[in-house]
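Each chain, written out:
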Amino acid sequence: MTPAPAPPSSTAAAVTAAAVTVVGIGADGWDGVPGAHRAELLDAEVLIGGPRQLGLLPPECAGERIPWPSPLRPAVPRLLAAHSGRRIAVLASGDPMFYGIGRAVTEVLGAGAARILPHPSSVSYACARLGWPAEDVEVVTVVGRPTARIAAALHHGRRLLVLSAGAATPGEVAALLRDRGFGPSPVRVLERLGGPGERTTGAVTADDWPAAAPPGDPLNIVAVACRRAPDALRLGAVPGLPDEAYEHDGQLTKRHIRAVTLGVLAPAPGELLWDVGGGSGSIAVEWLRTHPSCRAVTVERDPVRAERIVRNAERLGVPGLRVVTGAAPAALAGLPRPDAVFIGGGLTAPGLLDACWEALPPGGRLVANTVTLESEALLAAAHRRHGGELVRLATARAVPVGGFTGWRQAMPVTQWAVEKTSGPADKGGAGALGGSEPSGEPGASAGTGSTAVTAGAAGTAGAEI
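Residues numbered from 1 in each chain as written. Predicted model: local features only at pLDDT ≥ 70, side-chain atom pairs only at ≥ 80, totals over all residues. Heavy atoms only, no water.

Novice: Which parts of the structure should I look at to understand the sheet that holds strand β3 (residues 64–67)?
Specialist: Sheet strands associate in pairs through backbone hydrogen bonding, adopting either a parallel or an antiparallel arrangement. Sheet architecture is open: five strands sit in the order β3-β2-β4-β1-β5, paired in parallel fashion. Since the sheet does not close on itself, it has two edges, and those belong to β3 and β5 (115–117), each with one partner. Each adjacent strand pair in this sheet contributes to an overall mean axis angle of 20°, direction not counted. The pairing of strand β1 (residues 20–25) with strand β4 (residues 88–93) spans six bridges and is classified as parallel. Residue pairing in the sheet places Ile25 in a bridge with Ser93 of β4. (Pairing = 2+ DSSP bridges. Helix = DSSP H or I, 4+ residues; strand = E, 2+ residues; numbered from the N terminus. Axes fitted to C-alpha atoms, helices over the stretch in contact; angles between N-to-C directions.)

See the structure below:
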């Protein structure tokens, strides 16, 4: 369920569309502003922008100059409403609709309510200078966001552009690359793109990045040609990361079960997941890694595990994962409505399954995994009431047996997956039993070799996984 565009806010409802223009301006300043765009700035009664952007305008732009306060986002509706009835020009760095102020303005006024006059973005300039096709480049911004976000975009052979938060960002990027096993990656810094002071540094690997390098210009973008170190753990782009990628105490949905579970949860851009009984947070982490716009909340009752989830999320490039420490269902109160719910532990907590089911909108998905007979009985009852698919997943790992090799079985996992509809099958709760159950899913015993996965299904047509 992708969020719809926000309607115009009441605080800015009086601002007329014709009165607000968002004008992009680059490091080349006034000289790089096209004539038609200059006319808008010369005609404006109010000029709103960052101090650096306002300083690029000549004295002929006689409108009242108002710098953005900090924090910026909450000030947008207030400033637009305060100057209602006047001709307002909002200055943006480069392309206003590419990680720019144009988004905030259109969210306040409504889509299409303001005139947007773009300038080439720093990404366009960087691709031109580097000879990188823009469609082949991954862009990550760390402006007002954690540098850890970069980790999710690191794949061998990919090209990455990092929108910098300031002069310290290049060094922080190099340190992250070294820490995540991408030290051999060549890094270049492009400063003041499009302006008279433009400069591009020579390529230096993150491993060779000087620790005492003096800070450069704060207006920069960092280019990374991703190269993974030979001994670094390989992390793919689809769910089912190696178990070794996670810090855990054994409460981890193991790799093969995790891949099946994410496939059934079927994350889509913009959707929100509740991960109930987070354990090590692996389901929520890999949900978030499927698309930058995905959102997730993990609920974990153990404070030590909750802190571990935070570390796993940062390590794997999704620091935006929200972690709620508390016992469900009480800890679910006040959370935003989910598009999907995964229950990995605590199924026998009174009212938990009911609460998760009721929270889902029509079309929402619920997936629950268990290894205990008590919770399996709960899922069987829920399956009879609501339908869906009941599946048993079993994995076995090849391990040494004397001088030979044999299979060692892990505990089988019972999985119930269902999509909520508005039909008669949804009347009533899913039911719950008393007692408690450990979170997470015990996995296969340690060993080396190949793994076999088998599945059996009940209810709807049998699925083979």
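Novice: Would you take a moment to explain helix α5 (residues 122–130) for this structure?
Specialist: One turn of an α-helix holds 3.6 residues; hence residues three or four places apart share an orientation. Residues of α5 that are buried include every one of Val123, Tyr125, Ala126, Cys127 and Leu130, and no others. Packing partners of the buried residues in α5 comprise β6 (137–141), β7 (159–163), β8 (186–191) and β11 (220–225). Just downstream of α5, Gly131 is the residue with a positive phi angle, here 75°. (Buried < 20%, exposed > 50% of the residue type's maximum accessible area, 1.4 Å probe, protein only. Contact = heavy atoms within 4.5 Å.)

Novice: It is not clear to me how the pairing of β11 should be interpreted in this structure. Could you clarify?
Specialist: Each regular strand displays side chains that alternate between the two surfaces of the sheet. Of all six residues in β11, six are buried, a share of seventy percent or more. Side-chain alternation along β11 places Asn220, Val222 and Val224 on one buried face and Ile221, Ala223 and Ala225 on a second face that is also buried. Pairing analysis gives five bridges linking β7 to β11, with the strands arranged antiparallel. The residue bridging Leu161 from the neighbouring strand is Ala223, located in β11. Note: β8 against β11, five bridges, orientation antiparallel. Across the sheet, the residue bridging to Val189 is Val222, located in β11.

Novice: When you look at the nonpolar core in this model, what are you seeing that I'm missing?
Specialist: Most often, soluble globular proteins have nonpolar side chains that are buried together. One finds Trp274, Val276, Leu332, Ile343, Leu366 and Trp416 to be the most contacted residues of the largest nonpolar core, which totals 27 residues. If you list the elements that add at least two residues to this core, you get β12 (272–276), β13 (295–300), β15 (340–343), α10 (352–359), β16 (365–370), α11 (373–386) and β19 (413–419). The greatest single-element share of this core, amounting to five residues, is contributed by α10. For Leu366, the residues in contact, after removing those within four places along its chain, are Val341, Ile343, Leu353, Cys356, Trp357, Leu360, Trp416, Ala417 and Val418. (Core = buried A, V, L, I, M, F, W, Y, C linked by side-chain atoms within 4.5 Å.)

Novice: Would you take a moment to explain empty space enclosed by the protein for this structure?
Specialist: Evaluation of the coordinates by the stated rule reveals two cavities of 30 Å³ or more. Roughly 40 Å³ of internal volume is contained in the second largest cavity. Lining the second largest cavity are Gly236, Ala237, Val238, Pro239, Leu241, Glu286, Arg289 and Thr290. Of the residues assigned to the lining of the second largest cavity, the class counts are four nonpolar, two polar and two charged. (1 Å grid on protein atoms, 1.4 Å probe; cavity = no way out; pocket = protein on both sides within 12 Å on 5 of 7 lines; lining within 4 Å. Points joined across faces, edges and corners; volume = space filled by probe spheres on them. Nonpolar A, V, L, I, M, F, W, Y, C, P; charged D, E, K, R; others polar.)

Novice: Explain the packing of helix α3 (residues 75–82) against helix α4 (residues 101–109) to me, please; I cannot follow it from the model alone.
Specialist: For any two helices packed against each other, one specifies the inter-axial angle together with the distance between the axes. Where α3 meets α4, the axes come as close as 10 Å, and the angle between the chain directions of the two elements is 65°. Regarding α3 and α4, the two cross each other, and that crossing is right-handed. From α3, Val76, Pro77 and Leu80 reach across to α4, where they touch Ile101, Ala104, Val105, Val108 and Leu109. Looking at the contact of α3 with α4 residue by residue, the classes come out as eight nonpolar, no polar and no charged. (Left-handed = near helix turned anticlockwise from the far one by under 90°.)

Novice: Whenever I open this one, the pairing of strand β2 (residues 46–49) confuses me. Can you help?
Specialist: Burial along β2 is two-sided: Val46 and Ile48 and Leu47 and Gly49, pointing in opposite directions, are all buried. Sheet analysis places β2 next to β3, joined by four bridges and oriented parallel. By the bridge assignment for β3, Gly49 is matched with Pro67. As paired elements, β2 and β4 share three bridges and run parallel to each other.

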